[in-house]
Amino acid sequence: MRIVTSAAAMQRLALRWRREGKRVGFVPTMGYLHDGHLSLMSRTRRLVGKPGIVVASIYVNPTQFAPTEDLSAYPRDLERDKALCRKAGVDVLFFPSDAEMYPGRETGGYSTYVIEEKLSQSMEGGSRPTHFRGVTTVVAKLFNLVLPEVAVFGAKDWQQAAILRRMVRDLNFPLKLMVAPTLREKDGLAMSSRNKYLTVEQRPQATILWRALQLARQVVVSSHTPIYTDLLGKEIAALIATQPAARLDYVEFFDGETLQPATAVTRGAHMALAVFIGKKRLIDNAVLK
Ligand code: AMP
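Residues numbered from 1 in each chain as written. Predicted model: local features only at pLDDT ≥ 70, side-chain atom pairs only at ≥ 80, totals over all residues. Heavy atoms only, no water.

Participant: Now, about the overall build of the chain: what can you tell me, with residues and values included?
Facilitator: Helices and strands together make up the secondary structure of the chain, namely ten helices and nine strands. Rg of the C-alpha trace for the chain: 19 Å, near the compact-globule value of 19 Å for 289 residues, within the 12% margin. For the chain, the spread of C-alpha atoms along the three principal axes comes to 55 × 40 × 35 Å. Burial statistics for the chain: of 289 residues in total, 52% are counted as buried. (Helix = DSSP H or I, 4+ residues; strand = E, 2+ residues; numbered from the N terminus. Rg over C-alpha atoms; globule rule 2.2 N^0.38 Å. Buried < 20%, exposed > 50% of the residue type's maximum accessible area, 1.4 Å probe, protein only.)

Given below as structure tokens:
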């Protein structure tokens, strides 16, 4: 596995692959890898085949964190991540520094951002107003450096995937964006780098996100009449409140494709929620029907 830290070297390599007609698949991450990330990498390998190239990136992107958020505390373990990428069959690991990705940003010398204006307003965008501007900007930059024909993202970040798909369409990126299923722990908790920070008391309570999704599914499946989302939302809030460490940030019901809010659950309806467990904020989502 080759490790590339320079943006220019990454792009030179990508241009060479393109001249050679190689298929390139890409998995962007912030590192501290878990099986969810690794499943995206093996899926990418299946998509591009063996002579194809699988590129993974590890970059904790500062522009998607608000000043009050956990940028400096975000977990990192490069040596372990390298070993996991090697095992997952990654060909090139792109691991740039902030100076490579945003030259001059600290001194005002970086000033171009990509903004999606519609799908970014609700849910994660409501709670974290500058978050998606950072995500679309860094992913657009990474696409320009890696030049993949396919990029694979996780359903765990459903809104992110929808926004990036819109960006790819709106800005004519010549690639296909694929979404892979959420990998979960045995008790249903969605795998996440941030789970590491849950204390022994908090960890069992964190399953409340998954239990909330299950409850919503049950209600929907067992009803013969349409389920109104304001009532369902109240039931979910009551369930979350049973956990002493949990505080509901939002629960939303929406169309999985357009992210349009839904007043009643119909086919394709999705539920997403964000819950603070102690100081850590966790998110999850699933289709309900
Ligand atoms: P992150 O490192 O958290 O930015 O995530 C990198 C990619 O992995 C994103 O496309 C995420 O949606 C995806 N991902 C994160 N957690 C999971 C999971 N539990 N299962 C599948 N994909 C995931």
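From this point, the discussion proceeds with the structure in view.
Participant: How would you summarise the domain arrangement of the chain if you had to cite specific residues and measurements?
Facilitator: Many authors give the size of an interface as the accessible area that is lost as the parts come together. Domain assignment breaks the chain into domain 1 (2-180) and domain 2 (193-287). Averaged C-alpha coordinates put domain 1 and domain 2 at centres separated by 27 Å. Opposite the 20 residues of domain 1 that make contact, domain 2 presents 18 residues. Between domain 1 and domain 2 the total buried area reaches about 1,700 Å² when both faces are included, carbon and sulfur atoms providing 53% of it. Looking only at domain 1, the three residues that lose the most surface to domain 2 are Met123, Glu124 and Trp158, adding up to 36% of its buried area. (Domains from an automatic or database assignment. Contact = heavy atoms within 4.5 Å. Buried area = accessible area lost by both parts, 1.4 Å probe.)

Participant: Can you lay out the sheet that holds strand E9 (residues 280-287) for me, pointing to particular residues and giving the numbers?
Facilitator: The strand order across the open sheet formed by three strands is E7-E8-E9, and the pairing between neighbours is antiparallel. The open sheet has two edge strands with one neighbour each: strand E7 (246-255) and E9. When the angles between neighbouring strand axes are averaged without regard to direction, this sheet yields 15 degrees. Note that strand E8 (residues 269-277) and E9 share eight bridges and pair antiparallel. Counted as the bridge partner of Phe276 is Arg281 from E9. (Pairing = 2+ DSSP bridges. Axes fitted to C-alpha atoms, helices over the stretch in contact; angles between N-to-C directions.)

Participant: Which residues make up the site of the ligand, and what values go with them?
Facilitator: In the region of the ligand, 16 residues are neighbours, and His37, Gly154, Asp157, Leu183 and Met191 sit closest. Here a nitrogen atom of the ligand and a backbone polar atom of Leu183 are 2.8 Å apart. About the coverage of the ligand: the protein hides 92% of its 490 Å² of free accessible area. Taken together, the elements giving at least two residues each to the shell around the ligand come down to strand E2 (24-29), helix H2 (35-48) and strand E5 (150-154). Taken together, the residues of the shell around the ligand sort by class into eight nonpolar, six polar and two charged. (Near = heavy atom within 4 Å. Polar contact = N/O pair within 3.5 Å; in protein donor to acceptor, adjacent residues only side chain to side chain. Areas by Shrake-Rupley, 256 points an atom, 1.4 Å probe, with all protein chains shown as cover. Nonpolar A, V, L, I, M, F, W, Y, C, P; charged D, E, K, R; others polar.)

Participant: So what's going on with the packing of helix H6 (residues 131-146) against helix H7 (residues 158-170)? Which residues, and what values?
Facilitator: One way to put it is that H6 packs onto H7 with a least axis distance of 11 Å and a crossing angle of 55 degrees. When the interaxial angle is binned, H6 and H7 end up oblique. Helix-helix and strand crossings are classified by hand; for H6 and H7 the assignment is right-handed. Between H6 and H7, the contacting residues are Phe132, Val135, Thr136, Val139, Ala140 and Phe143 on the first element and Gln159, Gln160, Ile163, Leu164, Met167 and Val168 on the second. In the contact of H6 with H7, the residues fall into nine nonpolar, three polar and no charged. (Parallel < 35°, antiparallel > 145°, perpendicular 65-115°, else oblique. Left-handed = near helix turned anticlockwise from the far one by under 90°.)

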